[in-house]
Amino acid sequence: MGGNIVKKLMMIVLAVGLAAAISGCGSKESGGTKYKFATDAAYSPMEFMDKDKMTGFDIDFLAEVMKEAGLSYEVNNIGWDTMLTSVKQGKEYQGGISSVSITDERKQSYDYSIPYFESKNMILVKEGSPVKSAADLKDKKVAVQISTTADTLMTKIMGDTNKSLKRLDNNTLALMELENNGVDAVVADIAIVREYVKNNPNKKFVIIADPTNFESEYYGILLPKGSELKAKLDPAIKKVIENGAYAKVYKKWFGEEPDTKKLLEQK
C-alpha cells in the first residue's frame, strides 16, 4: 500500500509538471504573461460565434500573429461598446480585435497596431430601391451599428438629431430592420454586407458602392494609449502578411487573394 501511495504521488507530480509545461507553450514572455483581447463576435465573417466556438477572419489572423510573436493570449466576446471602454482603460484587456477602423478621432483615445485589413462601407438596399448613392439616403430611413464609422459617415450626411437614422447595437439588428421593412437601407462594412447577401440569395438585396462618400478604411488591433504590446505586434503582423500566412487566412474567408502590397504601404 505504501508503494502505491508513492506511485500515485509521482503521477500527480508528473501531471502537474506537464500541465505547467502546456500552459507555458507559445509564450516567450518571462512569467508566462497571457494577453487578453476583447471582441464583439457578431460581425460575420470577421468574428462570430459558430455554436459555442468563436471563429472568423480576425480570430484566425490574431492566432497567426500571436504565434509569430510567441505570445500567449485569449479572446473574450464582450460586445462592441464594452470592448471600446475596456481597452481604453487597459486594465482587464490589453487589446481589442473586432474590425476596428483606424480613425483620427479614435487615435486620440487609443493606440493601434499597423493596419491589417482594407475595408469600405457599403449601402445595402432591397431590389428596386431608388437609392444609388449615399446622397440619396438623406431623406430615407437608414440603420447602422452605433459607434462605427458607418454611424459617423451617416451622421454627417443625415444630421446628428435625425430620427430616421437608427443607431443599433449591432449589424445583425440593422440587417433585420431592412429585412422587415423597418428601414430603407443599411450602411456597414463590405465584408459584413457581402456575407449577408451571400447567405440570403433569395431575398434580392442589392449592394451599392459609393467611393466618393465612402473611402477605403483600414482595420488595426485596438490598444490602450502607450501600450507596450504595439512593439511586439507590429513586426509580427508585418511578418504574417509577408510570409503568406495572411493570404491563406484571407482566402479561407473571402475566396480571393488580398492586395498585400497596398496593405504594407499603409502606416
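What you see is a predicted model, and the numbers here were worked out from it, not measured in a lab. (Residues numbered from 1 in each chain as written. Predicted model: local features only at pLDDT ≥ 70, side-chain atom pairs only at ≥ 80, totals over all residues. Heavy atoms only, no water.)

Novice: Whenever I open this one, the packing of helix 2 (residues 57–69) against helix 8 (residues 230–242) confuses me. Can you help?
Specialist: The axes of two packed helices give the description: the angle between them and the distance between them. Taken N-terminus to C-terminus, the directions of helix 2 and helix 8 make an angle of 110 degrees; their axes are 8 Å apart at the nearest point. In terms of their interaxial angle, helix 2 and helix 8 are classed as roughly perpendicular. Handedness of the helix 2/helix 8 crossing: right-handed. Here Phe 61, Glu 64, Val 65, Met 66, Glu 68 and Ala 69 of helix 2 come into contact with helix 8, specifically with Lys 232, Leu 233, Ala 236, Ile 237, Lys 239 and Val 240. Each residue belonging to the contact of helix 2 with helix 8 can be placed in one class, and the counts come to eight nonpolar, no polar and four charged. (Axes fitted to C-alpha atoms, helices over the stretch in contact; angles between N-to-C directions. Helix = DSSP H or I, 4+ residues; strand = E, 2+ residues; numbered from the N terminus. Parallel < 35°, antiparallel > 145°, perpendicular 65-115°, else oblique. Left-handed = near helix turned anticlockwise from the far one by under 90°. Contact = heavy atoms within 4.5 Å. Nonpolar A, V, L, I, M, F, W, Y, C, P; charged D, E, K, R; others polar.)

Novice: For this particular structure, what's the right way to read the packing of helix 2 against helix 9 (residues 245–254)?
Specialist: As a packed pair, helix 2 and helix 9 sit with axes 10 Å apart at the nearest point and diverge in direction by 165 degrees. What the angle tells us is that helix 2 and helix 9 run roughly antiparallel. Viewed along their axes, helix 2 and helix 9 form a crossing whose handedness is right-handed. Contacts between helix 2 and helix 9 involve Phe 57, Asp 60, Phe 61 and Glu 64 from the former and Ala 245, Tyr 246, Val 249, Tyr 250, Lys 252, Trp 253 and Phe 254 from the latter. Looking at the contact of helix 2 with helix 9 residue by residue, the class counts come to eight nonpolar, no polar and three charged.

Novice: What am I meant to see in the sheet that holds strand 12 (residues 185–189) here?
Specialist: Hydrogen bonds along the backbone pair up the strands of a sheet, which may run parallel or antiparallel. Taken together, five strands build an open sheet; the order of strands is 11-10-12-9-13 and the sheet is mixed. Looking at strand neighbours, the two that pair on one side only are strand 11 (165–168) and strand 13 (205–208), the edges of this open sheet. The average undirected angle you get between the axes of adjacent strands in this sheet is 30 degrees. One ladder, built from four bridges, connects strand 10 (residues 142–145) with strand 11; its direction is parallel. Across the sheet, Gln 145 pairs through a bridge with Leu 168, a residue of strand 11. (Pairing = 2+ DSSP bridges.)

Novice: How should I be thinking about the sheet that holds strand 3 (residues 47–50) in this particular structure?
Specialist: Within the open sheet, the three strands sit side by side as 2-3-4. Their pairing is antiparallel. Across the chains shown, the open sheet's two edge strands, defined by having one partner strand only, are strand 2 (42–43) and strand 4 (53–55).

Novice: Just checking my understanding: could you explain empty space enclosed by the protein for this structure?
Specialist: One way to see where empty space is left: roll a probe the size of a water molecule over the atoms. Enumeration according to the criterion identifies one cavity of 30 Å³ or more in this entry. Quantified by volume, the largest cavity comes out at close to 70 Å³. What lines the largest cavity is a set of 15 residues, and nearest its centre among them are Tyr 43, Thr 148, Thr 149, Ala 150 and Asp 189. Counting only elements with at least two residues in the lining of the largest cavity, the list comes to helix 5 (149–158) and strand 12. Here the lining of the largest cavity gets three residues from one element, more than from any other, and that element is strand 12. (1 Å grid on protein atoms, 1.4 Å probe; cavity = no way out; pocket = protein on both sides within 12 Å on 5 of 7 lines; lining within 4 Å. Points joined across faces, edges and corners; volume = space filled by probe spheres on them.)

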